[in-house]
Amino acid sequence: MAAAALARELLGAARAPEFAGWLRGVRRRIHQHPELAFQEHRTSALVRAELDALGVAYAWPVAQTGVVATIAGAGGAGPVFALRADMDAVPIQEMVEWEFKSKEDGKMHACGHDAHVAMLLGAAKLLQSRRDDFKGTVKLVFQPAEEGHAGAYHVLKEGVLDDVQAIFGLHVDTALPVGVVGSRPGPFLAGSGRFTATITGKGGHAAGPQLTVDPIVAASSAVLSLQQLVARETNPLQAAVVSVTFIKGGEAFNAIPESVTMGGTFRSMTTEGLSYLMKRIREVIEGQAAVSRCTATVDFMEEKLRPYPSTVNDEAMYAHAKAVAEGMLGEANVKLCPQFMAAEDFGFYGQKIPAAFFDVGVSNDETGKIHHVHSPHVVIERARSRSEPPSTPPWR
């Protein structure tokens, strides 16, 4: 089947009312019951039930709650490639009032992973019904724990993707309109890590500071010095971020505390840049603590919250995915995106397998103000709000 005809046929099948209604229903069921990293038991069960209904074989459990399905083309041997969707939610209280609002207190699919899972199940349905039309094997990776817990790393450790020759992933993007996708070759998203530090001095009454060793002064000096890592130690043409995002000290107005804790994030577009920032963050905090007669411990939580590598698109895989997208959506609807300092554990796949990662637009001007992912107000699918009159279209 010619590429253009295949593109039209696939889009037509995906837009068919029965298929679109099923897909929307899957996404809504997942949205109502968000689950955090490595707790995606209900979501995993839903995925397996849908795969069973389609007659698609799968491996489970993978990385605790993950599922990796396999669809082999009836045309014989060929390439083995993977499509990936992440399943976990974030610890945010949903503020959108609609019929399918989250029923789990303090948890929300505010990053669109419910849509990712629904889309991958949609791909499973389309591929399974067209097994006679292709050669090779497609693996569908329903991955747990993207949000901070490096689920991709743990999936790779289990060896279920050892035979995969290429992998593709996507993410909903509220900065792009519906019908538009975007990405870029090479480094696309940043590598990132976290740090916490405890600076310890000697507490005492604030009326006698000479009798104390003040950790708040040491922490303040450290925060200011950390700003120089990007401003004066990083090439201005290379992207980097060091942000201190919390400081916790004493409680009393008239007492200097014994210790101060602080922490934050650091990001770079390169592995080398990430390693340099990690080394210098430790040196700066320990050095500034010593200047103020304090001691410091710095923890990068490399096992509990493993640093993410940058997401780097393989140029050949990017070019292939871009050509497919242009054939389906038109060249004008495939954008070259700028680099972005957000992080994604899809970068782990790219370290082992030729990979391409694209953003899929979900913004719609008709819905009014656009809220971005990780907002309690983000809307991926527009349904009628409880405050809107019945005449309002149920989705747009």
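Residues numbered from 1 in each chain as written. Predicted model: local features only at pLDDT ≥ 70, side-chain atom pairs only at ≥ 80, totals over all residues. Heavy atoms only, no water.

J.: So what exactly am I meant to see when it comes to the pairing of strand E7 (residues 186-200) here?
T.: Looking down a regular strand, the side chains alternate between one sheet face and the other. Sheet topology note: the E7/strand E13 (residues 311-313) ladder contains three bridges and is antiparallel. Paired with Gly186 across the bridge in E13 is Asn313. Alignment of E7 against strand E11 (residues 259-268), held across ten bridges, turns out to be antiparallel. Bridge pairing in E11 links Gly191 to Ser268. (Pairing = 2+ DSSP bridges. Helix = DSSP H or I, 4+ residues; strand = E, 2+ residues; numbered from the N terminus.)

J.: Where do I start with the side chain of Ser44 in this structure?
T.: Positionally, Ser44 belongs in helix H3 (residues 41-54). Polar side-chain contacts of Ser44 include one of 2.9 Å to the backbone oxygen of Thr65. Among all residues touching Ser44, those that are not within four sequence positions of it are Trp60, Thr65 and Val67. (Polar contact = N/O pair within 3.5 Å; in protein donor to acceptor, adjacent residues only side chain to side chain. Contact = heavy atoms within 4.5 Å.)

J.: How should I be thinking about helix H4 (residues 113-128) in this particular structure?
T.: Residues spaced three or four apart along an α-helix face the same direction, because each turn holds 3.6 residues. A rise of 1.5 Å per residue sets the reference length of H4, with its 16 residues, at 22 Å; its end C-alpha atoms lie 22 Å apart and thus fit the reference within 8%. Of all the residues in H4, the buried ones are His113, Asp114, Ala115, His116, Val117, Ala118, Leu120, Leu121, Gly122, Ala123, Ala124 and Leu126. (Expected span 1.5 Å × (residues − 1). Buried < 20%, exposed > 50% of the residue type's maximum accessible area, 1.4 Å probe, protein only.)

J.: Explain unusual backbone geometry here, please?
T.: Negative phi characterises most residues that are not glycine, and trans characterises most peptide bonds. For the bond from Trp60 to Pro61, the omega torsion is -5 degrees, close enough to zero to count as cis. For Pro61, the position within the fold is in strand E1 (residues 57-62). In the Ramachandran plot, Ala63 falls in the positive-phi region, its phi being about 50 degrees despite a non-glycine side chain. Mapped onto the elements of the fold, Ala63 is located in the loop between E1 and strand E2 (66-72). The phi torsion at His374 lies on the positive side, around 70 degrees, for a residue other than glycine. Take His374: it is sitting in the segment after strand E16 (355-363). A relative accessible area of 39% means that His374 is categorised as partly exposed.

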